[in-house]
Each structure stands twice: as C-alpha cells, then as structure tokens.
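# Analysis of the macromolecular model
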Amino acid sequence: MLWQRFLNLGPFAHSLISFFIHIFLILFCEIQDSYLDVKYTDIDYVVFTDGAQAILNGSTPFQRPTYRYTPILALLMTPNILWFAQFGKLLFSIFDIIVGILIYNIMDRKYCRHYLLWLYNPLTLIISTRGSSESLICTLVLLVIFCFNKKRYILAGLCFGFVIHFKIYPIIYASTFYLALSERKSSLFGSLLPNSSKIMFLISTLIGLIIPTYLSYLSCGSIYLDEAWLYHFYRQDFQHNFSPYFYLFQLFDDIKTQKIIGLMAFLPQMLLATIIVPIYYNQRTTKSINLKSNICMALFLQTYLFVTLNKVITAQYFEWYMCLLPFIVPFLKISWKKWFN
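The notes below deal with the structure included here. Within each chain, residues carry numbers counting from 1 in the order of the written sequence. Residue-level local features of this predicted model are given only where pLDDT is at least 70; pairs of side-chain atoms are given and counted only at 80 or more, and the full residue set underlies all totals for whole chains, interfaces and linings. Excluded from the side-chain calculations are hydrogens and water; all other atoms, namely the structure's heavy atoms, are used.

## Structural notes on unusual backbone geometry
As a reminder of what qualifies: Only DSSP runs of H or I with at least four residues qualify as helices, and only runs of E with at least two residues qualify as strands; both kinds are numbered from the N terminus onward. Categorising residues by exposure relies on relative accessible area from a 1.4 Å probe, with only protein chains included: less than 20% of the type maximum marks a residue as buried, more than 50% marks it as exposed, and the intermediate range marks it as partly exposed.
Phi is positive for T66, close to 75°, though the residue is something other than glycine. In this structure, T66 sits in the loop between α3 (43–56) and α4 (71–76). Taking relative accessible area as the criterion, T66 reaches 39% and is therefore assigned partly exposed. In this structure, K151 is a non-glycine residue whose phi angle is positive, near 65°.

What follows is the structure, given as structure tokens:
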C-alpha cells in the first residue's frame, strides 16, 4: 500500500525526492574525500575544474593535461572556483532531474512511470554526484528526441549539432533521424531520398555543430581540434576499461598491433550502430503505427551496440543508453526473474 502511494506521487514530487538524494550524495562526497583514501569525486571533475582555472587565468583549458572536452564545459565549471567547489556536481544533478522530466514528457502517459528508472537509478545518481558531465549529454540527446517528436525539426537539428559538439558519439544517430523523416510507405531506396524535412534537419544540425566548434577553434586554436576531436581516434589509454578488447590490448603492447585491434573494434561497431540497426527499424516503422517507439528502440540499440563494441568503455558510458532504457522497457517481454538474473 505504501509502495503504491509512493509510485502514485507526481513527477514534481519524484523529481524533488531524487534531487534531495543527489544533495545527500554530494554532501557524503565531501566526507569521503576528506577522510578516506579512495575518493568519491571523479578525476574528470578535477580536470574540468583545472580547465576552468586555466580560463580564468586567461589561457585555454587545454593547458591542463588530459582535458579533452569542449571549452564550453570548462566555462560552465568556472563557478567551481568563483563560488563553491561543488557547483559542477550540483549542475550535473540538475541535469539529471531534467533528464527524468524529459523522459516523462516524451513517453506515452500509460508508460510514463518508467521515468522513475532514471530518477532513482543508483548508477546515474552516483555518476552525476561524482562530477561526471554525462547527464548534460543525456539532456541534450533527449531534447533532440523531444523536439523531433514535436516535429520541430529545425530546433531538433540545432540541438543535435550542439550535442555532437559536446560529445562526438551521438553522430551515430544521424542515420536513424534521417530515415525517420522519410514517408511512411517509402521503400528502402525511397527512404534514402531527401525531402524538405530532411534538408531542414540536416542544415540546422550543421549550424548547431559548426558554430560552437568554430568559436572553440577561434578561442583555443589547433590544440582544440587535436585534444577534443582527433584524440578519440588514436587514444591509447586502455586502463580502467570494460571493453571486450581490453585483454587483447594488454597482450599486444606494440602500437601497430593495437591500431589493428582498434580497427577490428571500429568496423563491426560502425556497421551495426550506424547502418544495420537504423535500416532495420526504418523498415519496421513503415509497418508500425508507433513511430516514437521504433525511433527510441533504434536509438537505444545503436547506443548499446556502440558502447558494448567500443575499444574503451568506462562506467559513464552506460548512461548513454540508460537514458533511453525507459522507452523500451514497456515493450520488452522479459520476466522479473530474468531481469534479476
């Protein structure tokens, strides 16, 4: 009875409870960081803050070794130094709540309770309060889906381009969004042909990507392109890695062999995540009345395959598909016993 009353609380109440849990974990973080050898705060948060300090010193955040993000992120972290050190964690926690609200508003009302899978997920709670910025990325991805479903394709494209600027991986969704804008009865070949909606979405995506990227280049120079973009194609830091290729990288420590293994990881990853899944779900969409569910299913599978087959996987990467999980849970025919197993 008490559990049912808890579930029946509205989205505002659940968001407020989740936010207070975030605050508690941020306070707990201060205690653990002060008294224990193993720190709660993610090392990335230290990198963000150091990048922010570099900006305040009149330099670029890339003066800080291992800063490999958009300079906009370091700019957002300047209150860590100007106001209080936990500002970024509080900001990421707010984005966590926004993700839950977006999930609630995107889902059909009869399934909307599944947004609780995000708000009370221990993994997402801990990752955000440790200082990881993935909740910001998830917010932007879901904002794209929200605008796309509202048929505001220009705004969806601008958000899509901007999230690619922040983190390159969402570019794998381009094929799904493109195919989803095809006529409902189009053949596979017909779905590849452009139309006005596709052109609007493509142009606005390029604008949303090029403008912040160009401004970042102007402010930081070529080091921005090397560290924030090109680095991800040749990175060799394979420690703290959940990838199935991890052991292979440890067996072969010469650069040439590691590049071959990286190519082995890249080809099936791109084939499945950017080509096969979108085409398969586009063909299902032509026969289905639930366009929204097919898009979300395709995006989830693309992300899951991309992360699983990536040559580097850390805990933060799991958030990329966990923000899409609530959309597909209602359509999974899996018993509770199998879920727990």
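Having seen the model, we can carry on.
## Points about the packing of helix α2 (residues 11–35) against helix α8 (residues 122–129)
Applied cut-off: Note on geometry: axes are C-alpha line fits, over the in-contact stretch for helices, and angles between N-to-C directions span 0 to 180 degrees. By the definition adopted for this analysis, an angle is roughly parallel if under 35 degrees, roughly antiparallel if over 145, roughly perpendicular if from 65 to 115, and oblique otherwise. By definition, turning the near helix anticlockwise from the far helix through less than a right angle yields a left-handed crossing, and turning it clockwise yields a right-handed one. Residues are treated as being in contact if the distance between any of their heavy atoms lies within 4.5 Å. In the scheme used here, Gly and all other residues not listed as nonpolar or charged are polar, with Ala, Val, Leu, Ile, Met, Phe, Trp, Tyr, Cys and Pro taken as nonpolar and Asp, Glu, Lys and Arg as charged.
At their nearest, the axes of α2 and α8 sit 9 Å apart, and the two run at 50° to each other. Here α8 runs oblique to α2, going by the angle between their axes. As α2 packs across α8, the resulting crossing turns out to be right-handed. Contacts from S18, I21, H22, L25 and I26 in α2 reach L125, S128 and T129 in α8. Taken together, the residues of the contact of α2 with α8 sort by class into 4 nonpolar, 4 polar and no charged.

## Comments concerning the pattern of salt bridges
One side chain can pair with another of opposite charge once the charged atoms of both are near each other. Here is the rule we go by: Whenever Lys or Arg places a side-chain nitrogen within 4 Å of a carboxyl oxygen from Asp or Glu, that contact is recorded as a salt bridge.
Under the criterion given, the structure shown has 4 salt bridges. Note that R130 and D42 form a salt bridge whose closest N and O atoms lie 3.8 Å from each other. Residue R130 is located in the loop between α8 and α9 (134–149), and its partner D42 is located in the loop between α2 and α3; the two are separated by 88 residues in the primary sequence. With a shortest N-O distance of 3.4 Å, E134 and K167 are connected by a salt bridge. With E134 in helix α9 and K167 in the loop between α10 (153–166) and α11 (174–180), this pair connects stretches of sequence that are 33 residues apart. The class for E134 is buried, based on a relative accessible area of 5%. Taking the relative accessible area as the measure of exposure, K167 reaches 19% and is therefore buried.

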